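# Structural overview
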Amino acid sequence: MDLPDWDTLKIGSKGRTPKVAKSTAEVNGRRAGAVVSTDKKITTGINKAHAGTDHQRIAKLDRENEVAPPPKISPSVGKAIQTGRMEKGFTQKDLAQKVNEKPSVIQDYESGKAIPNPQILAKLERVVGVKLRGADIGKKLEGPKKS
């Protein structure tokens, strides 16, 4: 059995197909050894049914209908969380464990970068003992109401 020469074997590459000269001027030019320019048509990958400025119109619509980013938590809430946490002697990690959240969530709330979540705020209010929602933010919470 005759094995191929491994140094010259190419796998997965297409061989170049010779260009067929169509006009007699090209044929005569090639016979004479002259350099003939060839232009390659680039039409692959273009869907001619969708050619045009459709993408520009869609981009314009996107710019017109931009939605405002959600509001961040106010800095006063972050300060109230931080002061309440310090009074209780908790670190951010301790507070995160008590409210069953990640320490990065507590850090975001204290720095004012978080998007307010009422469930997380309620948990923080209970653990820290400071009001974080409503009008009087930072006020100490009293015990349960007696009826």
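Let me begin by describing the structure that accompanies this report. Given the structure is predicted, the values throughout are model-derived calculations rather than measurements. (Residues numbered from 1 in each chain as written. Predicted model: local features only at pLDDT ≥ 70, side-chain atom pairs only at ≥ 80, totals over all residues. Heavy atoms only, no water.)

### Concerning the overall build of the protein
Stated precisely, the cut-off is as follows: Helix and strand labels come from DSSP, where a helix needs a run of H or I of at least four residues and a strand needs a run of E of at least two; each type is numbered from the N terminus. For each residue, the accessible area found with a 1.4 Å probe, counting protein chains only, is set against the maximum for its type, and the residue is called buried under 20%, exposed over 50%, and partly exposed in between. Note on contacts: a residue pair is in contact if any heavy atoms of the two residues lie within 4.5 Å. Computed by Shrake-Rupley with a 1.4 Å probe, the accessible areas treat only the displayed protein chains as cover when residues are assessed.
Helices and strands together make up the secondary structure of the protein, namely six helices and zero strands. Tracing the protein from N to C terminus, the helices and strands come up as α-α-α-α-α-α. Taken over 147 residues, the protein has a buried fraction of 18%. Taking as baseline every contact in the protein between residues at least 6 positions apart, the subset at least 24 positions apart corresponds to 46%. Accessible surface for the protein amounts to roughly 12,500 Å². Of this, 54% is attributable to carbon and sulfur atoms.

### Focus: helix α6 (residues 118-128)
Burial in α6 covers these residues: Ile120, Leu121, Ala122, Leu124, Glu125 and Val128. In this structure, the buried residues of α6 make contact with α3 (75-88), α4 (92-98) and α5 (103-111). After α6 finishes, the residue Gly129 shows a positive phi value of roughly 80°.

### A word on unusual backbone geometry
A positive phi angle, close to 60°, is found at Asn100, a residue other than glycine. Since its relative accessible area comes to 66%, Asn100 is described here as exposed.

### Considerations on the pattern of salt bridges
Convention followed: Salt bridge criterion: a side-chain nitrogen from Lys or Arg within 4 Å of a carboxyl oxygen from Asp or Glu.
Within this structure, the stated rule accounts for five salt bridges. Its salt-bridge partner being Glu101, residue Lys123 comes within 3.2 Å of it at the nearest N-O pair. Taken together, the positions of Lys123 in helix α6 and Glu101 in the loop between α4 and α5 put the pair 22 residues apart, joining distant regions of the chain. With a closest N to O distance of 3.0 Å, Glu125 and Arg133 form a salt bridge. Among the residues examined, Glu125 registers a relative accessible area of 8% and is labelled buried. You can call Arg133 partly exposed: its relative accessible area is 33%.

### Remarks on the nonpolar core
Proteins that are soluble and globular tend to have nonpolar side chains buried together. Cut-off, in case you're wondering: Residues enter a nonpolar core if they are buried and are Ala, Val, Leu, Ile, Met, Phe, Trp, Tyr or Cys, with the set joined through side-chain atoms within 4.5 Å.
With 18 residues, the main nonpolar core has Ile81, Leu95, Tyr109, Leu124 and Leu132 as its most contacted residues. If you list the elements that add at least two residues to this core, you get α3, α4, α5 and α6. No other element matches α6, which puts four residues into this core. Residues in contact with Ile81, not counting those within four places in the same chain, are Leu95, Tyr109, Glu110, Leu124, Val128 and Leu132.

### Some details on the packing of α3 against α6
Each pair of packed helices can be described by the angle between their axes along with the distance between the axes. Basically, it comes down to this: Helix axes are fitted only over the stretch in contact, all axes being lines through C-alpha atoms; the angle between N-to-C directions runs from 0 to 180 degrees. In this scheme the handedness of a crossing depends on how the near helix is turned from the far one: anticlockwise by less than a right angle means left-handed, clockwise means right-handed. Under the convention adopted here, Pro, Cys and the residues Ala, Val, Leu, Ile, Met, Phe, Trp and Tyr are nonpolar, Asp, Glu, Lys and Arg are charged, and Gly plus all remaining residues are polar.
Across the interface, α3 lies against α6 with an axial gap of 9 Å and an inter-helix angle of 35°. As for the relative orientation of α3 and α6, their crossing is left-handed in sense. Of the residues in α6, those in contact with Val77, Ala80, Ile81, Gly84, Arg85 and Lys88 of α3 are Leu121, Leu124, Val127 and Val128. Looking at the contact of α3 with α6 residue by residue, the class counts come to seven nonpolar, one polar and two charged.

### Re the side chain of Glu110
Within the element layout of this structure, Glu110 appears in helix α5. By relative accessible area, Glu110 is classed as buried at 11%.

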